[in-house]
Every structure is written in structure tokens, then in C-alpha cells.
Amino acid sequence: MIEDRLHAELAEIADLGLTRRRRVLDTPCGRTATVDGKNALNFASNDYLGLAGNTELAAAMADGATTWGTGSGASHLVSGHLAPHEAIEQALARFTGFARCLTFSTGYLANLAVTPTFAGRGDAVFADKLNHASLIDAMQLAKANGAGVQRYPHNDMAALERQLAATTATNKLIVTDAVFSMDGDLAPLPLLLDLARRYDAWLVIDDAHGFGVLGPQGKGSLAHFNLSADARILLMGTLGKAAGVGGAFVAGSETAIEYLLQKGRSYIFTTAAPPAIASALLKSLQLIADGDSLRQRLFANIAQLREGVRSLPWPLLPSATAIQPLIIGDNSACVALSQGLWERCLWVPAIRPPTVPKGSARLRICVSAAHTSADIEQLITALGELA
Ligand SMILES: *Cc1c(COP(=O)(O)O)cnc(C)c1O
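Residues numbered from 1 in each chain as written. Predicted model: local features only at pLDDT ≥ 70, side-chain atom pairs only at ≥ 80, totals over all residues. Heavy atoms only, no water.

## Some words on the site of the ligand
Alright, step 1. As a matter of local geometry, the ligand sits amid 14 residues, with Gly107, Tyr108, Asp206, His209 and Lys241 nearest to it.
Alright, step 2. In the environment of the ligand, an oxygen atom lies 2.9 Å from a nitrogen or oxygen atom belonging to the backbone of tyrosine 108.
Alright, step 3. The separation between a nitrogen atom of the ligand and a polar side-chain atom of aspartate 206 is 2.5 Å.
Alright, step 4. Contact with the protein chains covers 82% of the free accessible surface of the ligand, which is 380 Å².
Alright, step 5. When contributions to the shell around the ligand are tallied by element, the ones reaching two or more residues are helix 5 (107-118) and strand 8 (233-238).
Alright, step 6. Per-element accounting of the shell around the ligand gives the leading share, three residues, to helix 5.
Alright, step 7. Tallied by class, residues from the shell around the ligand come to three nonpolar, eight polar and three charged. (Near = heavy atom within 4 Å. Polar contact = N/O pair within 3.5 Å; in protein donor to acceptor, adjacent residues only side chain to side chain. Areas by Shrake-Rupley, 256 points an atom, 1.4 Å probe, with all protein chains shown as cover. Helix = DSSP H or I, 4+ residues; strand = E, 2+ residues; numbered from the N terminus. Nonpolar A, V, L, I, M, F, W, Y, C, P; charged D, E, K, R; others polar.)

Structure below.
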């Protein structure tokens, strides 16, 4: 039977207690989620500003669909690049301060386009060990194209500099998450940009969790560090997390983005996202720019959570972002804790290896502007009881 091997492997995954199951939500993404009739507070989504269920965004998407139809019909380079797509690219370029932007259907596809397009035979890629899976896959593609790839220990600038100094490659790419998705900590972008300048390298930044959240007007991690656009930066931002819609963008210099448009395979060989997505994103960008009160709410929630869990037996990683990981360590203890919270109508996912290093299973608490102070209190109280 051709499926025998798959059965055996699935059984192995089950034996290790690592089978993953999806929960079906009967409510839109938001502060709470209803699953099998149970209504739980949702600390599991990346909808940091609570925009995914925003009615103005839904209206913008509905209007977009009425005006522009549901499908784009083709890839951007063939005939699928409609006026809303063009408008959101320009709006994102203005918002981020970069010369030009391209939009992608997902962040995964955006990352898959960048590294292999900018690094091929004879080039060198330097990647943080804790980078997101999509950046790792992109790095593997660059490797298959003949690029040399090296990973440096998480945020270790001395190790990165040693690698940069030792390479003979002339075209170099430093690749990093801006906010690390399982730890919530920030990459030292000013130091990375300084290294990129000194060693004449590109700096590829994945701001999936910073865009909309950090910096003035939610402009992201670069703005958080008071850095502005730079011709050697390629900035990727996702639009399905804080922006509450879907898709992603890559921003850069005019030349870099033109090159990506001509050569990025996951840009070229895929149908453009539905134009209504772009219509909703135009509205979302306004809400993000005007969203200081949402970000104030979010950061008050983060501060309350951090203060409230200080006396618990588990350490919270030093994160100043919406991702607040509580390190449990043991896999089954972590799963049991997540289950205990679920029984108390609190949805906090347990993240285990291989997603995170062995022995560092964690509850990944995602805080949102949609949560109230009472919601955060409820989570703190439940964690205290379970401890
Ligand atoms: C979510 C995420 C992505 C992928 O973005 P999608 O739009 O969900 O495909 C890329 N990088 C990081 C760091 C992420 O957290």
C-alpha cells in the first residue's frame, strides 16, 4: 500500500504526543472565540489591534468586491494588477517611507521571493538561528541556487560580524525577523544596519509582528528604533496580523523592487490576490495610522500581563511586544497547562519543539488591543490557580 509509510509516520507523531489538531471557530476572529459551543477568550491570534473583525474593514472589503469583483483573474504581470492593487502599493510605500513596494498574497510567499532573488551562485546569506520558517525555506532555496548560507546564534552581532568578515562573497544578505515570532524579542536593527553598511550587505527584515504595532503610527520596527528607509534594506511586512486582512508587502529602493518584480518567482507565478483584499487594506492602513488609542490599549494590556505573572513559577521572556511567551519547559506540562486554561475558557496555545528549542515548551500568549483589562486579569488569575 502506497500509504503505509504515511500511516507509520503519523503513528510515530501520535506516539510522541505531537499530533496537531485544528479547532473550528464558529465566530469571527476577535476577543473571544466560540468552539463547540464554548466561548473562550482568545489569546491565540496575531490580530494585535483587533482589526480582523472590524466592521469598517468588512464594509471596505464588501465595497471592493462590489466594485472590482471577487477575483483578479491572473498574475500581476499578466493582467491581474488592478487599480486597488496599485493604490495599496503606493500607500504602503508612502506609509513606510520606502521608494517602492510590491504586495504578495501571503508573507510566506513574500519571504520566499526575496532571499533567493537577491542571493544566488557565489553569494552569501547570513541568517539568525531563530528566523521564521518561511525565511528558513527561502534560505534553502537560495542555497539550492548556489548561495552559501550561514546561520548565526540568535541576535549575536559579534558572531555575525565574524561571518561577514570571513566571507569572500561580494554580494551579501543579512536576513532577520524584526520581532521573533516565538520569543517576542526584537532584533537589534540599528546594529544590524551598521554591520550591513560596513560590510556592504543587504539587510532583509521580516516585520510580521512589528508592522501596525510598534513605532509612531504603527509604522513598525524600523520606526520603533528611529531608523528610516535605506536603499540597502528590504522590508517585509505581513498584512494578515495587525492589519487584520491578509497578504504581505516588500518595500525597498526603486531598483531593488523593480528587480524583485522582474525576478521574484513567488511574485510572478501566482494569481494576484483578490482586489477586494487591497480595498480592505487601504482602509486598514488608515486605521493603523490613526490607531494610537488601540496601541495604547495593547501596551497597557501587555504591561498588566507582565506585572501580573511576575510571581508565577514560570519565567516570561523579556518581550516588549504583543507576543508574551511563558516558558514552561516540559512538553506535557505545557500541554496540560494549555488544557487547564482551555477548561477555564481561556485559549492560549502550547508551543513545543521542533517549533521552539528542546526543553523550552511555552505558552505563547498573544495580547490584543481587543482585550479588556478584566480579560487580562482573568488570565492572570487562572494561571495563578493552575500554578
Ligand atoms: C506569520 C509570519 C510570516 C508569514 O506571513 P503570512 O502572511 O502568515 O504567510 C512570515 N514571517 C513571520 C515572522 C511571521 O510571523
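## Re the pattern of salt bridges
Alright, step 1. Inspection of the entire model under this criterion finds 12 salt bridges.
Alright, step 2. Measuring nitrogen to oxygen at the nearest pair gives 3.0 Å for the salt bridge that ties arginine 295 to aspartate 292. Residue arginine 295 and its partner aspartate 292 are located together in helix 13 (residues 292-308), separated by three residues, close to a single helical turn.
Alright, step 3. The partner of arginine 310 in a salt bridge is glutamate 307, and the shortest N-O contact between them spans 3.3 Å. (Salt bridge = Lys/Arg side-chain N within 4 Å of Asp/Glu carboxyl O.)

## Examining the packing of helix 14 (residues 331-343) against helix 15 (residues 373-386)
Alright, step 1. Here helix 14 crosses helix 15 at 125 degrees, and the two axes come no closer than 10 Å. As summarised for this structure, helix 14 and helix 15 are arranged oblique, according to the angle between their axes. Like other packed secondary-structure pairs, helix 14 and helix 15 cross with a definite hand, here right-handed. Two secondary-structure elements touch here, helix 14 through Leu337, Gly340 and Leu341 and helix 15 through Leu379, Ala382, Leu383 and Leu386. (Axes fitted to C-alpha atoms, helices over the stretch in contact; angles between N-to-C directions. Parallel < 35°, antiparallel > 145°, perpendicular 65-115°, else oblique. Left-handed = near helix turned anticlockwise from the far one by under 90°. Contact = heavy atoms within 4.5 Å.)

## Observations regarding the pairing of strand 2 (residues 38-42)
Alright, step 1. Of the pairings in the sheet, the one linking strand 1 (residues 32-35) to strand 2 comprises four bridges and is antiparallel in character. Paired with threonine 34 across the strands is asparagine 39, a residue of strand 2.
Alright, step 2. Counted along the chain from strand 1 to the antiparallel partner strand 2, the turn is two residues long, and its residue aspartate 36 has a positive phi close to 50 degrees.
Alright, step 3. Relative to strand 11 (residues 346-347), strand 2 runs parallel, the two being bridged by two bridges. What sits directly across from leucine 41, in strand 11, is leucine 346. (Pairing = 2+ DSSP bridges.)

## Description of the packing of aromatic side chains
Alright, step 1. The full count for this structure, using the stated rule, is six aromatic pairs.
Alright, step 2. Between phenylalanine 104 and tyrosine 267, the ring centres sit 5.3 Å apart and the planes meet at 65 degrees, which makes this aromatic pair edge-to-face. A residue pair is termed long-range when its members are at least 10 positions apart, and phenylalanine 104 in strand 3 (residues 100-104) and tyrosine 267 in helix 11 (residues 265-268) qualify at 163 residues. The two residues phenylalanine 104 and tyrosine 267 agree in class, both being buried.
Alright, step 3. Taking the centre distance of 5.1 Å and the plane angle of 65 degrees together, the rings of phenylalanine 211 and phenylalanine 249 count as edge-to-face. Separated by 38 residues along the polypeptide, phenylalanine 211 in the loop between strand 7 (201-206) and helix 9 (221-224) and phenylalanine 249 in strand 9 (residues 248-252) bring together distant segments of the chain. For the residue pair phenylalanine 211 and phenylalanine 249, the accessibility class agrees, reading buried in each case.
Alright, step 4. What links up through ring pairs into an aromatic cluster is the set Phe95, Phe211 and Phe249.
Alright, step 5. Note that arginine 23 overlies the ring of tryptophan 342, its terminal NZ or CZ placed 3.7 Å from the centroid. (Phe/Tyr/Trp six-rings, centres within 6.5 Å; stacked < 30°, edge-to-face > 60°. Buried < 20%, exposed > 50% of the residue type's maximum accessible area, 1.4 Å probe, protein only. Lys NZ or Arg CZ within 6 Å of the ring centre and 35° of its normal.)

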